[in-house]
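Survey of secondary and tertiary structure
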Amino acid sequence: MRRRSDTKRLALCGVLAALAVALMFFGGVMPFASLACPVLASLVLIPVYAETGKKWSVVWFLAVAVLAALIAPEKESAVLFAFFGYYPMLRKLLNHLGPNALRWIAKLAYCNAAVLAAYTLMLFVFRMEALRAEFAQYETYLLAVLLFMANVTFAIYDALIGRLELFYHVKLRQKLGL
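What this report covers is the structure whose coordinates are included nearby. (Residues numbered from 1 in each chain as written. Predicted model: local features only at pLDDT ≥ 70, side-chain atom pairs only at ≥ 80, totals over all residues. Heavy atoms only, no water.)

Looking at helix 5 (residues 75-84)
Extensive coverage of helix 5 is indicated by the burial of seven of its ten residues. All of the buried residues in helix 5 are Glu76, Ser77, Ala78, Val79, Leu80, Phe81 and Phe84. (Buried < 20%, exposed > 50% of the residue type's maximum accessible area, 1.4 Å probe, protein only. Helix = DSSP H or I, 4+ residues; strand = E, 2+ residues; numbered from the N terminus.)

And the structure:
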């Protein structure tokens, strides 16, 4: 019985990993999708986590992150997925923190740390010259505005994950027969 269950989990993870990698590939093919595609790919983690648990979800995330880094034409998308792709799992842990204010402080601290770490990595370690040239055009205040907008977008992303988890568990899960 366990063998059949593991086979089902592996098949689910494989199919959904292929979907996530395809979404990451579109990040470089479609204009202006380099930010949207990592978000969409991370949302695929919701059914993986719900059906397989933490261990399988971590393996799924690592597989998608590595494949995205190798295959995705837009490396900015791959780096952003590496920093934000596991957030649906992390969100579960953060939601167990005490008061709502403490939860949001932790979530926004994560968002800011991830954004700063991802772009520091892209600019100074990977030396992405196109990104460096783009950022050189911006005034310092505009970069602060972009970081603020990243926080607003992150709050919307957090709410979207909550709604999609609810939709998956209430409506979609029964229809898929998982």
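On we go from here.
Let's talk about the environment of Ala50
One can find Ala50 in helix 3 (residues 45-52). What makes Ala50 partly exposed here is its relative accessible area of 24%. For Ala50 and Glu165, which are 115 residues apart along the polypeptide, the C-alpha to C-alpha distance reads 8.6 Å. Those residues in contact with Ala50 that lie beyond four places of it in its chain are Tyr168, His169 and Arg173. (Contact = heavy atoms within 4.5 Å.)

So, helix 3
Counting buried residues along helix 3, six of its eight residues qualify, which places the element largely inside the surrounding structure. Downstream of helix 3 by a residue or two, Gly53 has a phi angle that is positive, lying close to 95°.

So, the pattern of salt bridges
Applying the stated criterion across every chain, the model contains seven salt bridges. The salt bridge involving Arg9 is made with Asp6; its shortest N-O contact spans 3.9 Å. Pair noted here: Arg9 and Asp6 are both in helix 1 (residues 2-29), with a separation of three residues, about one helical turn. With its nearest N and O atoms 2.6 Å apart, the salt bridge here joins Arg173 to Glu51. Taken together, the residues Arg173 in helix 9 (residues 140-176) and Glu51 in helix 3 connect sequence positions 122 residues apart. (Salt bridge = Lys/Arg side-chain N within 4 Å of Asp/Glu carboxyl O.)

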